[in-house]
Each structure stands twice: as C-alpha cells, then as structure tokens.
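Each chain is listed here by its residues.
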Amino acid sequence: MLAVRQILMNPLESYLGFAEPRRGWVYAIAALLIVSIAYSDWKIEEVSVGFLYVLPILIASATLRGWQIIAVALACGALRERFGPLFGTPGGAIRVCIGAAGFALAGYFVSQLDRQRRSVTQHLLERERQMRLRADAERQLQVVIETSPLGIATLDSEGRVLLANSSAHYLLRLERQSLAGQQINAYLPILKRFLSIRDSARELSTVVETRGQRGDGEAFLAHVWLSTFVNDSGLCLAAFIWDSSENLRDREGTGLDSMMATSRVLIGAMSHEIRNLAGAASAAYRQLAQGTGHSQQEQFQALGAVIDALENIATSGLKLATRSSTAVADLGMVLDEARVLIEASFRDAGSVAEWTIPESLPLVEADHHSLLQVFLNLARNSERAMKGRRVRVLRVEVSFEDDMVRIRFRDSGPGVANPDVLFRPFQPGASSTGLGLYISRAVLKSYGGDLQLEPDAQGGCFVVQLWAADAGGVSAGG
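Quantities reported herein were computed from a predicted structural model and do not represent experimental measurements.

Quick notes on the overall build of the protein
Stage number 1. Helix and strand counts for the protein come out as 12 helices and 13 strands.
Stage number 2. A buried classification covers 37% of the 478 residues belonging to the protein.
Stage number 3. When contacts within the protein are restricted to residue pairs at least 6 apart in sequence, long-range pairs at least 24 apart make up 62% of them.
Stage number 4. Total accessible area computed for the protein in this model is approximately 27600 Å², and 58% of it derives from carbon and sulfur atoms.

Here you go:
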C-alpha cells in the first residue's frame, strides 16, 4: 500500500509544486480540456463523456480560490447538461446542480491537498533551517570548547566523564588516552561529592579550589568552576578546570621572599638602635676609663641610662616575640598546597619529593600562611643542601604522638655540620642571612610548636612540631 501511495502521490505532488508558479499554463490547459470535452460530448450523441470535466477541475483547483472553484464547477455542470444526451428532458437543473457539486467537491479536495502540501513544505523548510542553525551553533560551541585554555569536562550521575576537551586531557596529562568513560575520582575526587547531592532538583553553581592529580601521579592545585544540571539519566555536572599551581608558587614564593626581606629590615632597624645605644655606652665607658674632669657620678648615671634603654628595647622585643598567637589551620590543606609547590620546584631541579601522609589529618594550632611558609623554607634548604649530589630525594612524613603532630622533612643531603649554631641569625656560611630557620622556629614557637633538628645517618632531618587543635576532630587531608 505504501508503495502504491508513493506511485500515485509523487506525480500529484510534483504537479502541485508546478501549478502555483505556472498559473497561465494551468489555466490554458484546463480551458483547452473543457472545450475538448464539450465538443466530444456534443459530437458523441449515444454516450455522455461529461464525467471528464472533473479533469480540468482537478488541474485548475490547485491555483483557484473557493468561489472560483464553484464558478468553474457550475460552468462544467452546465456544459455537461447542454451537450449531453439528456438535454431538454425534465430534471435538467437538478442534474446541473448534482454535477456541479461533484466537480466542486473534487476541486476542493485538490485545493485542500495543495494547502496541506504547502503547510508541510513550509514546516519542512523551517525544520531544515532550525537544523542548520542548530548544527552551526553546535559547531561554534565545539570550536569554543576545543580551543578553550580551560579544561572542560561533563560528568554523568555516576561520576564518569561524558565529554572532555583537549585542554582537559593536557591538564591531566592524558594526551594518549581518552577521558570519556573514565571515573573522575582518580583525578579530581571532590567533583564526585557534588553528584551525591540527594536533592537532584536543585541545580548548583559554585567555585572550588582543591588538589588534583595528573595521570602520571603529579599533584596540582585545581581551581574549578562547576555547575550541576539534570537530564534523563539524573544529576550531571559540568566543570571548567584551571591549573592554579603556577600562581600559587609565585604567590607563596613571593610571600616567603617578602617575609624574609621584612624581617631583615626590622632586625636591621633594631640593630641600628642597639648600635647607637651601644656606641653611647662605649663612649661613656671610655671617658670613665680615661678619668676625665667630669664627675664620676654623672658618668655612671649616663652609663646606667644607656644600659636601661638597652634593657627596655630587649625587653619589648622579647615581649613582642613571645606574645601568644591563636590560629587554627587545616594541616591537610596546607600540605596539599606545599606538595603542589615543592614537587614543581623539585621537578625543575631534577630532585624527587616523596610524601607519606595519612588519609585524615587533624586541625593544628598554627596560621595557614605562616605554616606553609615554614614548609617551603625547609624544602628550599633541603634543595640547596642536595644540590650536586647523585641522589636528591626529600621525604615528608607525618606522625601523631599524643596531641602533638610531627612533620619530618628528611633529605639525602650531607647533613648539618654544626648543629649548635643552626638556629642562630646571621650565622657564618649561610647562603643568605641565616634568618630562615631562625624565623621559622620563632613562628612555630609563637603558636606553641617547635622546629628541631633530628639526628639522621642518611642526611638532614628537620621536625616540625604542632599541637592538634582538637584531638577528637579530624579533617580530610585530600
């Protein structure tokens, strides 16, 4: 049936498409057929061929309006009666009306068919236009995604990657394999947490900063813009990922240098004042020793005033240095950032950093930024100590003892030659001013912690000691 319908409808559809722009030809053909049928009906007296008037009606109806179809149908009905064999017999008017009605119905059928064809054609053209626009938009979106410097990935409700652009593969160092179908937990575990939200009807849009891991195992600091959306499979997620490790390295490296420079300025200013007072005390002492004509009592009073001023300066400095500080830091987050910074620096220098860190770490009594600077300073010292050696490995280990957390930095360097003067400022032979360890220890002591050198036969080992802020509460280290 479908094949027969196609055979019958295809020529009709072709004609309907031809009729509208060729009105003159259609009218001429219809008029010629009407004249030919009327002449044939007039010549053939025995049999009527008036039913053939339906042909010009069908041909012309595709281009005629309703009233025009009725007019042509009435004309054809009248010609059929006039030249037919029953002309002059009773009931002629009725036969004219019946014939015209049949012709008009046939014409209306073709007219409605043509109108439906136009509507379908217009709908198909609009559909094709919408499809072209959609295809153009998809191509443009694909170009934007593929050329974006941000890593872009979409996840399904199970945390599997649906789509990932080339920047995401480069960021995670997976250029030779596809992310599609893989679980995101191995690279950015925090994203799976947002897919476990029970209220799937609530769409979420936020920014997070977390630790990521590349395909080769290297850690990096990821800045992620993410949003959730719902489709047929459930709650899904779209993520824009940026590697902020370089910015963190620059920021923290600059912060450490700034802290050291500020410390040198403060200590220089303090030393200047102490030097002035010490010079005055020395001059007073020399005058006393030379026995000048001034009163011995006045000289002793002047020397006493100078000594009192020195004591006041020293006392104020000690009070400032021993003033207790209260702050709580997430040790896991601090170590994550330190890992990103240290591994990148060690990789450039050809060294290796190994980390032995428990999955969960407590909050500690320290300032986040200051503690990170202490870790960076210890790593810098180890990097300088291992320079030129065949094996250059730094091991960072975390252990718990009662309410105390100890972070050990073990390196494969030559060790410390003179540990007695290690934590003194301006020590001879230091690469800079010798303030790094002195300030790091002072910072830790201000929070109740400490920095110590632990004997190690294989190299140097520094131990950072911190108090746990809450022995019962822990936070994720990753």
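Further notes follow.
A short note on the pattern of salt bridges
Stage number 1. Under the counting rule described, the total for this entry stands at 18 salt bridges.
Stage number 2. With a shortest N-O distance of 2.7 Å, Arg129 and Glu126 are connected by a salt bridge. Placement of the pair is Arg129 and Glu126 together in helix 5 (residues 92-147), with a separation of three residues, close to one helical turn.
Stage number 3. Residue Arg129 is classed as partly exposed on the basis of its relative accessible area, which comes to 36%.
Stage number 4. With its nearest N and O atoms 2.8 Å apart, the salt bridge here joins Asp216 to Arg173. Here Asp216, found in the loop between strand 3 (205-213) and strand 4 (219-231), pairs with Arg173, found in the loop between helix 6 (166-171) and helix 7 (190-195); they are 43 residues apart in sequence, far enough to count as distant.
Stage number 5. Owing to a relative accessible area of 33%, Arg173 belongs among the partly exposed residues under this scheme.
Stage number 6. Shared partners join several salt bridges into a network, and the residues in it are Arg173, Arg214, Asp216, Glu218, Asp243 and Arg347.

Concerning the sheet that holds strand 10 (residues 404-411)
Stage number 1. Ordered in space as 7-9-10-12-11, the five strands form an open sheet in which the pairing is mixed. For this open sheet the edge positions go to strand 7 (352-356) and strand 11 (450-453), each flanked by a neighbour on one side alone. Averaged over all pairs of adjacent strands, the angle between strand axes in this sheet comes to 20°, irrespective of strand direction.
Stage number 2. Seen against the sheet, helix 11 (residues 368-386) touches strand 9 (393-401), strand 10, strand 11 and strand 12 (461-467) and runs at an angle of roughly 170° to strand 12.
Stage number 3. Contacting strand 11 and strand 12, helix 12 (residues 436-446) crosses the sheet at an angle of about 135° to strand 11.

Topic: helix 5
Stage number 1. For helix 5, which comprises 56 residues, the first-to-last C-alpha distance of 82 Å matches the rise-based estimate of 82 Å (1.5 Å per residue) to within 8%.
Stage number 2. All of the buried residues in helix 5 are Gly92, Val96, Gly99, Ala100, Phe103, Ala104, Ala106, Gly107, Val110, Ser111, Asp114 and Ile145.

Examining the sheet that holds strand 3
Stage number 1. Read from one edge to the other, the open sheet built from five strands follows the order 2-1-5-4-3, with strand pairing classed as antiparallel. A single partner strand is all that each edge strand has here, and the edge strands are strand 2 (161-164) and strand 3. With direction set aside, neighbouring strand axes in the sheet form an average angle of 25°.
Stage number 2. Note: strand 3 against strand 4, nine bridges, orientation antiparallel. Residue pairing in the sheet places Val208 in a bridge with Val224 of strand 4.
Stage number 3. Across the sheet, helix 10 (residues 331-349) is in contact with strand 3 and strand 4; its angle to strand 4 comes to roughly 125°.

A look at the side chain of Asp411
Stage number 1. Note that Asp411 resides in strand 10.
Stage number 2. No salt bridge forms around the buried Asp411; measuring N to O, its nearest opposite-charge neighbour Arg389 is 7.2 Å away.
Stage number 3. There is a polar contact of 3.0 Å between the side chain of Asp411 and the side chain of Ser382.
Stage number 4. Looking at Asp411, its side chain comes within polar contact range of the main-chain nitrogen of Gly413, at 2.9 Å.
Stage number 5. Residues in contact with Asp411, not counting those within four places in the same chain, are Ser382, Met386, Val393, Leu394, Gln458, Gly459 and Gly460.

Here we look at the packing of aromatic side chains
Stage number 1. Using the criterion set out here, one finds one aromatic pair in the structure.
Stage number 2. When the centroid spacing of 5.5 Å and the interplanar angle of 40° are considered together, the rings of Phe375 and Phe409 count as tilted. Taken together, the residues span a long stretch of sequence, with Phe375 in helix 11 and Phe409 in strand 10 at a distance of 34 residues.
Stage number 3. Phe375 gets classed as buried once you look at its relative accessible area, which sits at 0%.

Focus on the pairing of strand 2
Put simply, side chains in a regular strand alternate between the two faces of the sheet.
Stage number 1. Two strands pair when backbone bridges link them, and strand 1 (residues 151-155) and strand 2 are joined in this way by three bridges, in the antiparallel orientation. What sits directly across from Ala153, in strand 2, is Ala164.
Stage number 2. The hairpin turn running from strand 1 into strand 2, its antiparallel successor, is five residues long, and Gly159 in that turn takes a positive phi close to 85°.

Some thoughts on a nonpolar patch on the surface
Stage number 1. Residues Val207, Trp225, Phe240 and Trp242 make up a contiguous nonpolar surface patch of roughly 350 Å² in combined accessible area.
Stage number 2. Within the secondary structure layout, Trp225 lies in strand 4.
Stage number 3. On the basis of relative accessibility, which here comes to 35%, the residue Trp225 falls in the partly exposed class.

The rules behind each value
- Residues numbered from 1 in each chain as written.
- Predicted model: local features only at pLDDT ≥ 70, side-chain atom pairs only at ≥ 80, totals over all residues.
- Heavy atoms only, no water.
- Helix = DSSP H or I, 4+ residues; strand = E, 2+ residues; numbered from the N terminus.
- Buried < 20%, exposed > 50% of the residue type's maximum accessible area, 1.4 Å probe, protein only.
- Contact = heavy atoms within 4.5 Å.
- Areas by Shrake-Rupley, 256 points an atom, 1.4 Å probe, with all protein chains shown as cover.
- Salt bridge = Lys/Arg side-chain N within 4 Å of Asp/Glu carboxyl O.
- Pairing = 2+ DSSP bridges.
- Axes fitted to C-alpha atoms, helices over the stretch in contact; angles between N-to-C directions.
- Expected span 1.5 Å × (residues − 1).
- Lys, Arg positive; Asp, Glu negative; His and termini not counted.
- Polar contact = N/O pair within 3.5 Å; in protein donor to acceptor, adjacent residues only side chain to side chain.
- Phe/Tyr/Trp six-rings, centres within 6.5 Å; stacked < 30°, edge-to-face > 60°.
- Patch = residues over 30% accessible without salt bridge, like charges linked within 9 Å, V, L, I, M, F, W, Y side chains within 5 Å.

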